[in-house]
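Inside the fold
What follows is the residue order along each chain.
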Amino acid sequence: MRRKLAAGNWKMNGLGSALSELAAIAGCETRQTDLLICPPATLLGRAADTAAAGSCAIGGQDCHARESGAHTGDISAAMLADAGASHVLVGHSERRSDHGESDADVCAKTTAAWAAGLTAVLCLGESLAQRRSGDTLAVIGAQLAGSLPDGANGDNTVIAYEPIWAIGSGLIPEMAQIAEVHDFLRRALVERLGDDGDRIRLLYGGSVKPGNATEIFAVSNVDGALVGGASLKAADFKAIVAALDAA
Ligand code: 13P
């Protein structure tokens, strides 16, 4: 009942020449899986035009909590929507660490995203030290409680579990560890939101590649992936989409 979602986060990568990769991704034939690419802000408008010919949604990588104003260098959710985005990542661990974003900041950004009609892709994840000290579920639970506003549902929210130590490292958790977190998130969402919580898609992110996608997508409550490096090449991303289609 939850449609699958393959999402790509290009981070600070991609010039105009990368739009050919997006065109190949958008042309990907899939009936089971929704596609989303979050290019850098500089490419948003062109990416939306490129993707319009196919079946790929476009998202921002961050938004400001306010609608407009004196915030040099920042981009509002309404501006993302105006440029053709339907989604926005909020609370990515690189934003939390590089820009000191707190759960309260992420919560405000999520509310701003909804107000602009965007679906928020809310990112959560523990550090290696937190995993080693046995605090993973407590950390994830606190991030969820602090950064997800009331009113979340399957249309306005997607949640991505991204263990910080698995991002860009080639390391991934054991499948049982992914299942533990995703099952925990599902229970917490249903407890708080009822049926709406059951409809929110849960993505796994962190070193997802064509070679490990099939085993990850077999894990309970994994509805798709948030892919970094492997979303930059259409061939790799399409192989991940194929694995999700087959799951
Ligand atoms: P990698 O797939 O490069 O590990 O990045 C994951 C990520 O941070 C996606 O948001």
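Going by the structure above, here's the rest.
Being a predicted model, the structure only gives us computed values, none of them experimental.

Details of the overall build of the chain
Check the secondary structure of the chain and you find 11 helices and eight strands. Computed over C-alpha atoms, the radius of gyration of the chain comes to 17 Å, within 12% of the 18 Å expected from 2.2 N^0.38 for 247 residues, which places it in the range of a compact globule. By principal-axis analysis of the C-alpha atoms, the chain measures approximately 45 × 45 × 35 Å. Pairs at least 24 apart in sequence give 72% of the contacts found in the chain among residues at least 6 apart. About 10,500 Å² of surface is accessible on the chain, with carbon and sulfur atoms providing 51% of the total.

Structural notes on the pattern of salt bridges
Going through the model one piece at a time under the given rule, you end up with 14 salt bridges. When the shortest N-O distance is used, the salt bridge between Arg186 and Asp223 registers 3.1 Å. Of this pair, Arg186 sits in helix α8 (residues 175–193) while Asp223 sits in the loop between α10 (210–217) and β8 (224–227), placing them 37 residues apart in sequence. On the accessibility criterion, Arg186 (6% relative accessible area) is buried. Each member of the salt-bridge network shares a partner with another, and the members are Arg2, Arg186, Asp198 and Asp223.

Section: the pairing of strand β3 (residues 56–60)
A large share of β3 lies buried, amounting to four of its five residues. Following the chain from strand β2 (residues 33–38) across helix α2 (residues 44–52) to the adjacent parallel β3, one finds a crossover that is right-handed. Here two bridges tie β3 to strand β4 (residues 87–90), and the two strands are oriented parallel to one another. The partner of Gly60 across the bridge, within β4, is Val88. Viewed along the sheet, the connection from β3 through helix α3 (residues 77–82) into β4 turns out right-handed.

The rules behind these values
Residues numbered from 1 in each chain as written. Predicted model: local features only at pLDDT ≥ 70, side-chain atom pairs only at ≥ 80, totals over all residues. Heavy atoms only, no water. Helix = DSSP H or I, 4+ residues; strand = E, 2+ residues; numbered from the N terminus. Rg over C-alpha atoms; globule rule 2.2 N^0.38 Å. Contact = heavy atoms within 4.5 Å. Areas by Shrake-Rupley, 256 points an atom, 1.4 Å probe, with all protein chains shown as cover. Salt bridge = Lys/Arg side-chain N within 4 Å of Asp/Glu carboxyl O. Buried < 20%, exposed > 50% of the residue type's maximum accessible area, 1.4 Å probe, protein only. Right-handed = clockwise from strand over helix to strand, strands pointing away. Pairing = 2+ DSSP bridges.

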